[in-house]
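# An overview of the molecular structure
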Amino acid sequence: MMDNEALIQLRDVVKVYQMGRKEFVALKGVTLDIYAAEFVSIVGPSGSGKSTILNMITGIAKPTSGRVWVGGVAIDRLSENELAKWRRDNVGIVFQFFQLLPTLTALENVVLPLDLMGKVKGKEKQKWALECLAQVGLESHAHHLPSELSGGEQQRVAIARALANDPPILIADEPTGNLDSEAGEAVVQLLADLHRQGKTVILITHDRSLAGRAERIVQVLDGHIVE
């Protein structure tokens, strides 16, 4: 059972991937607590297991063994349909490659998850999407296509889209990986601002200088959390 004070708990999580006849152990008994309204960086080199931890927290993958609770919910026990509904209400995910639809404007990209959720109706969807774009400083770019935006601006649109369902948890997976240093700094500053507004923010990165902007750094190496 999840402790009251911890929003996210991983307990003795092992994740094994089958690769042909071989097995790859991505996580080797990881135990981790993340608290509500924390800003945590999970840092490590490529292949260390940090993105697998993200997959555990979001329910994208299930542990081979061990348990995962988020907000009191044992997400490792949910069905795929239950996970989709849970994820919709609880987690916003920002990816390295933006994943914006190129034929939709910034506003339309943010409206899209609202269409899928069905919680915001009619004209309220555009109003709320504009508010999300305003949060990331891009309300004036609402009608621009992704090709008309810089990389940093596209990533901010992706963050606005992740905020569309007003999730308590925002997870950014290498969000600065395709950006120059100035744009990357602006994105991390935005994540810090969202944390100050009360979001629980988890930054997955290999860049220790960016990781240092968080309140706490969790270092992952060879499938283990190291001090």
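A short tour of the structure in this document, coming up. (Residues numbered from 1 in each chain as written. Predicted model: local features only at pLDDT ≥ 70, side-chain atom pairs only at ≥ 80, totals over all residues. Heavy atoms only, no water.)

### Focus: the overall build of the protein
Along the backbone of the protein there are seven helices and ten strands. Relative to the 2.2 N^0.38 estimate, which gives 17 Å for 227 residues, the radius of gyration of the protein is 18 Å and therefore close to what a compact globule would have. Structurally, the protein occupies a C-alpha span of about 45 × 40 × 35 Å along its principal axes. Considering the protein as a whole, with its 227 residues, one finds that 48% of them fall into the buried category. When contacts within the protein are restricted to residue pairs at least 6 apart in sequence, those whose partners lie at least 24 apart make up 69%. Of the roughly 11,000 Å² that the protein leaves accessible, carbon and sulfur atoms contribute 51%. For the protein, the distance from the average position of its 24 positive side-chain charges to the average position of its 28 negative side-chain charges is 6 Å. (Helix = DSSP H or I, 4+ residues; strand = E, 2+ residues; numbered from the N terminus. Rg over C-alpha atoms; globule rule 2.2 N^0.38 Å. Buried < 20%, exposed > 50% of the residue type's maximum accessible area, 1.4 Å probe, protein only. Contact = heavy atoms within 4.5 Å. Areas by Shrake-Rupley, 256 points an atom, 1.4 Å probe, with all protein chains shown as cover. Lys, Arg positive; Asp, Glu negative; His and termini not counted. Charge placed at Lys NZ, Arg CZ, Asp CG, Glu CD.)

### Concerning a nonpolar patch on the surface
A surface patch of nonpolar side chains, amounting to about 280 Å² of accessible area, comprises L101, L112 and L116. Accessibility expressed as a relative area gives 71% for L116, which makes it exposed. (Patch = residues over 30% accessible without salt bridge, like charges linked within 9 Å, V, L, I, M, F, W, Y side chains within 5 Å. Salt bridge = Lys/Arg side-chain N within 4 Å of Asp/Glu carboxyl O.)

### Considerations on the nonpolar core
Judged by nonpolar contacts, the single largest core of 36 residues is most densely connected at V110, L133, V157, I159 and L191. For this core, the secondary structure elements donating two or more residues are α3 (106-117), α4 (123-135), α5 (151-162), β7 (169-173), α6 (181-196) and β8 (200-205). Setting aside anything within four residues of it in sequence, one finds V157 in contact with L100, A106, N109, V110, L133, L138 and L149. (Core = buried A, V, L, I, M, F, W, Y, C linked by side-chain atoms within 4.5 Å.)

### Some thoughts on the packing of α5 against α6
Their axes nearest at 9 Å, the elements α5 and α6 cross at an angle of 20°. In terms of axis orientation, α5 runs roughly parallel to α6. The two elements α5 and α6 cross, and the hand of that crossing is right-handed. The residues of α6 that touch α5, namely those facing G152, Q155, R156 and I159, are A183, V187, L190, L191 and L194. (Axes fitted to C-alpha atoms, helices over the stretch in contact; angles between N-to-C directions. Parallel < 35°, antiparallel > 145°, perpendicular 65-115°, else oblique. Left-handed = near helix turned anticlockwise from the far one by under 90°.)

### A short note on the sheet that holds strand β3 (residues 39-43)
One open sheet holds the six strands; their spatial order is β6-β7-β8-β3-β9-β10, and the pairing between them is mixed. A single partner strand is all that each edge strand has here, and the edge strands are β6 (91-94) and β10 (224-226). Averaged over all adjacent pairs, the angle separating strand axes in this sheet is 25°, with direction ignored. Bridge count between strand β9 (residues 216-221) and β10: three bridges; the pairing is antiparallel. Residue L221 lies in a different strand from β10, and its bridge partner there is H224. Across the face of the sheet, helix α2 (residues 80-90) comes into contact with β6 and β7 while running at roughly 80° to β6. (Pairing = 2+ DSSP bridges.)

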